[in-house]
Amino acid sequence: MSDAVIVATARSPIGRAGKGSLRDLRADDLAATIIQAALDKVPGLDPTLIDDLYLGCGLPGGEQGFNMGKVVATLLGLDSLPAATVTRYCASSLQTTRMAFHAIKAGEGDVFISAGVEMVSRYARGNSDWLPPDAAAAVGGAWNNPRFEAAQARSARRAEAGAPTWHDPRSDGELPDIYLTMGQTAENLAQLHGVSREEMDAFGVRSQNLAEQAIKDGFWAREITPVTTPDGTVVSTDDGPRPGITLEGTASLKPVFRPDGRITAGNCCPLNDGAAAVVIMSGAKARELGLTPLARILSTGVTAMSPEIMGIGPVEASRQALRRAGMTIDDVDLCEINEAFAAQVIPSYQQLGLPLEKLNTMGGAIAVGHPFGMTGARITGTLINALQWHDKSIGLETMCVGGGQGMAMVIERLS
């Protein structure tokens, strides 16, 4: 059985949705630019050897529709390259990496592109069915599914009341709210696991401060591919990180999702634009081409839970992936948990028994951002970058997934 190795990664800067640096770029154009940047790092690779292109997109539709993966292959001039667009929401481009990993293990190919993109700035607005869950819930009834109307009404009542403790709706024979906004799921999790506002704010400040230092040290520049916007502006840095963030300033921010809630703009990720790509090969093909792989994929895992507490997904997914790799959390040198909300990262790393000093050592999505379809591939590149930076070996990547899932991958650094 062939091993699967990562030979190149690339990512764009991450822009703020709606008002940020990438807002005028199309998703397909940005994805093509970043995939080409990853392929340029493997100059000895004949593009006709690529077996498939898997493109992750959290919410495909509008400009992100029409099997965008094949659109991107065409933009790259690779008409003979098959392609698929995949959604597993926040883990879409970790899922595409998993697909490449499985195909290589099964002997059904040697070279794959795993990529991800999300342009929240350019969601199709003419049809509410294309709105992200937070926006769709806000317009009321946008999803037009009678089975969940009662669940949405219950969720709204509980949110208005401050919902003193999370309540499992199945205990009363009700359906959970699959369309509950992600911020409300984070509030549920904070209450269920007793995560205080102070803890969340401190974690958000940690993310910003670590990212600020990493920028000064040149860490993020190592993995970012500058992109040019339609007006000729070259963007080479992330919009999100803020210098000089303090706990006092963060503590002054008002709750976003509930009047007496704990989630603020300072302890959760923003909405973002961006793209990332990973080139994955069989070990045999990498050796044949004389390449030195960056890392080996050891295992992956995916699990599920109630959509109303989706943020705890990293725990069981990580345990599953570690079991499959024959490892425990003690074997992990560095871990990247996607920082959708501090409310979910804190109980996740605590339940995993992961020391804080091994977690998101250069900051995370609270600072740099979380373009849904991009995040899986972005974190893969960041994890490899961090393993190289700290001269470590074993890395764990994991994230919660909107709708109630968790996903994880274990890698071994090779160079």
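Residues numbered from 1 in each chain as written. Predicted model: local features only at pLDDT ≥ 70, side-chain atom pairs only at ≥ 80, totals over all residues. Heavy atoms only, no water.

Student: Give a description of the packing of aromatic side chains that names residues and reports values.
Tutor: Counted according to the given criterion, the structure contains 6 aromatic pairs. Relative to F112, the ring of Y54 lies with its centre 5.8 Å away and its plane at 20 degrees, an arrangement referred to as stacked. Within this pair, whereas Y54 is found in strand β3 (residues 52-56), its partner F112 is found in strand β5 (residues 111-119), the two being separated by 58 residues in sequence. Accessibility assignment for this pair places Y54 and F112 in one class, buried. The interplanar angle of 40 degrees and the centroid separation of 5.0 Å between the aromatic rings of Y89 and F372 together place this pair among those described as tilted. You can see Y89 sitting in the loop between β4 (83-86) and α3 (92-105) and its partner F372 sitting in helix α13 (residues 372-390), a full 283 residues away along the chain. Looking at Y89, the relative accessible area reads 10%, which means it is buried. An aromatic cluster of three or more residues is present, and its members are F219, W220 and W389. (Phe/Tyr/Trp six-rings, centres within 6.5 Å; stacked < 30°, edge-to-face > 60°. Helix = DSSP H or I, 4+ residues; strand = E, 2+ residues; numbered from the N terminus. Buried < 20%, exposed > 50% of the residue type's maximum accessible area, 1.4 Å probe, protein only.)

Student: Tell me about the packing of helix α7 (residues 197-217) against helix α11 (residues 342-352), residues and numbers included.
Tutor: Running from N to C, α7 and α11 point in directions that differ by 90 degrees, and their axes come no closer than 9 Å. As summarised for this structure, α7 and α11 are arranged roughly perpendicular, according to the angle between their axes. Contacts from E199, M200 and F203 of α7 reach α11 at A342, A343, V345, I346, Y349 and Q350. Its residues placed into classes, the contact of α7 with α11 shows 7 nonpolar, 1 polar and 1 charged. (Axes fitted to C-alpha atoms, helices over the stretch in contact; angles between N-to-C directions. Parallel < 35°, antiparallel > 145°, perpendicular 65-115°, else oblique. Contact = heavy atoms within 4.5 Å. Nonpolar A, V, L, I, M, F, W, Y, C, P; charged D, E, K, R; others polar.)

Student: Outline empty space enclosed by the protein, listing residues and values.
Tutor: Enumeration over the complete set of coordinates arrives at 2 cavities of 30 Å³ or more. Within the residue set of the lining of the largest cavity, elements represented by two or more residues are α5 (146-161) and α6 (182-193). Approximately 30 Å³ is the volume found for the second largest cavity. The biggest single contributor to the lining of the second largest cavity is α13, with 4 residues. For the lining of the second largest cavity, the class distribution of residues is 3 nonpolar, 3 polar and 3 charged. (1 Å grid on protein atoms, 1.4 Å probe; cavity = no way out; pocket = protein on both sides within 12 Å on 5 of 7 lines; lining within 4 Å. Points joined across faces, edges and corners; volume = space filled by probe spheres on them.)

Student: Let's hear about the pattern of salt bridges: which residues, and what values?
Tutor: As enumerated under the stated definition, the model contains 14 salt bridges in all. Ionic pairing is found between D3 and R296, a salt bridge with its closest N-O pair at 3.2 Å. One end of the pair, D3, is in the segment before β1 (4-11); the other, R296, is in strand β9 (residues 295-304), with 293 residues separating them in the sequence. Notably, a salt bridge pairs D238 with R11, separated by 2.9 Å at the nearest N-O pair. Taken together, the residues D238 in the loop between β7 (234-235) and α8 (247-251) and R11 in strand β1 connect sequence positions 227 residues apart. (Salt bridge = Lys/Arg side-chain N within 4 Å of Asp/Glu carboxyl O.)

Student: Can you break down unusual backbone geometry residue by residue, with the values?
Tutor: Across the chain, the bulk of peptide bonds are trans and the bulk of non-glycine residues have phi less than zero. With a phi angle near 60 degrees, F66 is a residue other than glycine that sits in the positive phi range. Note on placement: F66 falls in the loop between β3 and α2 (68-75). Look at F66 and you get exposed, because its relative accessible area is 75%.

Student: Talk me through the nonpolar core; I want residue IDs and the actual numbers.
Tutor: In this structure, M200, F203, W220, I280, F341, Y349 and L359 are the most contacted members of the largest nonpolar core, which totals 83 residues. With 8 residues, the top contributor of residues to this core is α13. When near neighbours in sequence (up to four residues on either side) are disregarded, F341 contacts M182, G183, A186, F257, I263, N267, C268 and M310. Counting residues in hydrophobic clusters, the runner-up holds 40 residues, among them L25, A38, L53 and V111. (Core = buried A, V, L, I, M, F, W, Y, C linked by side-chain atoms within 4.5 Å.)

Student: So what's going on with the environment of R378? Residues and values would help.
Tutor: Topologically, R378 is positioned in helix α13. For R378, a relative accessible area of 3% gives the class buried. Measuring from C-alpha to C-alpha, the distance between R378 and I14 comes to 9.9 Å, with 364 residues separating the pair along the chain. If sequence neighbours within four positions are ignored, R378 has contacts with R11, I14, W220, E223, A276, A365, V368 and G369.

Student: I'd like to hear about α13, residue by residue, with values.
Tutor: In a regular helix each residue adds 1.5 Å, so 19 residues correspond to 27 Å; α13 covers 27 Å between its end C-alpha atoms and thus fits that length. Where α13 bends most, at R378, the angle is about 25 degrees. Taken across its 19 residues, α13 has 16 buried, putting it largely inside the fold. (Expected span 1.5 Å × (residues − 1). Bend = angle between axes of the 7 residues up to and from the residue.)

Student: Summarise helix α10 (residues 313-324); cite the residues concerned and give the values.
Tutor: For α10, with 12 residues, the first-to-last C-alpha span of 17 Å sits near the 16 Å given by 1.5 Å per residue. All of the buried residues along α10 are G313, P314, V315, A317, S318, Q320, A321 and L322. Elements that come into contact with the buried residues of α10 comprise β9, β10 (334-337), α11, β11 (394-401) and β12 (405-413). Once α10 finishes, G326 follows within two positions and takes phi at roughly 70 degrees, a positive value.

Student: Any details on the pairing of β1? Residues and values, ideally.
Tutor: In regular strands, side chains alternate between the two faces of the sheet. Across the 8 residues that make up β1, a large majority, 8, are buried. In the sheet, β1 pairs with strand β8 (residues 272-282) via 7 bridges, with the strands oriented antiparallel. Each bridged residue has a counterpart across the sheet, and for V5 the counterpart in β8 is M281. Here 3 bridges tie β1 to β9, and the two strands are oriented antiparallel to one another. Opposite A4, over in β9, you have I297 as the bridge partner. (Pairing = 2+ DSSP bridges.)

Student: Before we move on, could you go through the environment of A27 and cite the residues and values that matter?
Tutor: Secondary-structure assignment places A27 in helix α1 (residues 27-40). What makes A27 buried here is its relative accessible area of 1%. Between the C-alpha atoms of A27 and P307, which are 280 residues apart in sequence, the distance is 28 Å. Residue contacts for A27: discarding those within four places in its chain leaves Q64, M68, V117 and M119.

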